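# What the coordinates show
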Amino acid sequence: MTGIPGAANDASAPKPSRTLRLLIEYDGTGYCGWQRQDGAAARAPSVQATLEGAAREVTGEQVEVVGAGRTDAGVHAWGQAAHLVTSSRIPTARFPGALNAHLPGDIRVLEAREAPEGFHARFDAIARTYRYEVLNRPAPSALLRDRAHHVSEPLDLDAMAQALALCVGRHDFAAYCGAGSGPKTTVCTVREAAWRGDGERIVLEITADRFLRHMVRMLVGTLLRVGRGRLPADAPGKFLADSDNARTGPTVPAHGLYLVRVEYRDATTPPA
């Protein structure tokens, strides 16, 4: 029996693809960062490649998982956003559990939702929020050694808050940009930023439309010098007028940094 001329062959017809937006939490301690690395740079697995391996197991496809923020080695995330395009018909609500079954315990997909065709987790983001945690006490911590930056000297939190306020708004943050990053522009708009103290735990939370490589870590390093009394409170703001970053920093360790949330025009990826 011959088929109807021009009729589609269901077996050979391509499956329609869909875009899923993911909310991801991870401990970055054992990873070379978010982004997939090749050759000598791949001293440890990347979060991206690990997720892509899980997606391949679940969907049977070679899937690219694109993140909203390229976090560095050792940086953690409560609310990383990412997207993938797949032809899999697995219901959206079941996708996190399916991926988590193939992921190590230090990476977890918290949520999946359908996204419009063409959605891009990185380029469609309008703001990101990072948090940097400082443990301010004489003795280091056995439990927080990979979670917070230890500072043994007393810190003047009021002076640090005064210095931070000068960095809120639209500025050229070239002085707080890591060497070798080469962005097209170094102008960023910091929407809000604040230090919060909770006894020995001191936390900086900062939201901006974009961040330069090592920007938060260099800013924190500079503000800690203010807190120790080694810089006046107006110095971090004055450094914004000088593109040379020789006076800023030092760049504090990555393990105190967390990507908290990513914002889009339609919704925000909330922290866990």
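In the block above lies the structure referred to throughout.
The notes below deal with the structure included here. (Residues numbered from 1 in each chain as written. Predicted model: local features only at pLDDT ≥ 70, side-chain atom pairs only at ≥ 80, totals over all residues. Heavy atoms only, no water.)

Looking only at helix H3 (residues 157-165), the buried set comprises Ala159, Met160, Ala163 and Leu164. Summarising the axial view, the buried residues of H3 lie within an arc of 135°, below the 170-degree limit, and thus occupy one face. Facing away from the buried side of H3 by over 90 degrees, the exposed positions are Asp158 and Gln162. Turning to H3, the residues buried within the fold contact strand S8 (187-198), strand S9 (201-208), helix H4 (215-227) and helix H5 (235-239). Between a side-chain oxygen at the N-terminus of H3 and the backbone nitrogen of Asp158 the separation is 3.2 Å; the capping residue is Asp156. (Buried < 20%, exposed > 50% of the residue type's maximum accessible area, 1.4 Å probe, protein only. Helix = DSSP H or I, 4+ residues; strand = E, 2+ residues; numbered from the N terminus. Arc of directions from axis to C-beta. Contact = heavy atoms within 4.5 Å. Polar contact = N/O pair within 3.5 Å; in protein donor to acceptor, adjacent residues only side chain to side chain.)

Bringing the packing of H3 against H4 into the picture now. Interaxial distance between H3 and H4 falls to 8 Å at its minimum, and their mutual angle equals 135°. One way to sum up the angle between H3 and H4 is to call them oblique. Relative to H4, H3 is oriented so that their crossing is right-handed. Of the residues in H4, those in contact with Ala159, Met160, Ala163 and Leu164 of H3 are Leu219, Leu223, Leu224, Val226 and Gly227. For the contact of H3 with H4, the residue count by class is 8 nonpolar, 1 polar and no charged. (Axes fitted to C-alpha atoms, helices over the stretch in contact; angles between N-to-C directions. Parallel < 35°, antiparallel > 145°, perpendicular 65-115°, else oblique. Left-handed = near helix turned anticlockwise from the far one by under 90°. Nonpolar A, V, L, I, M, F, W, Y, C, P; charged D, E, K, R; others polar.)

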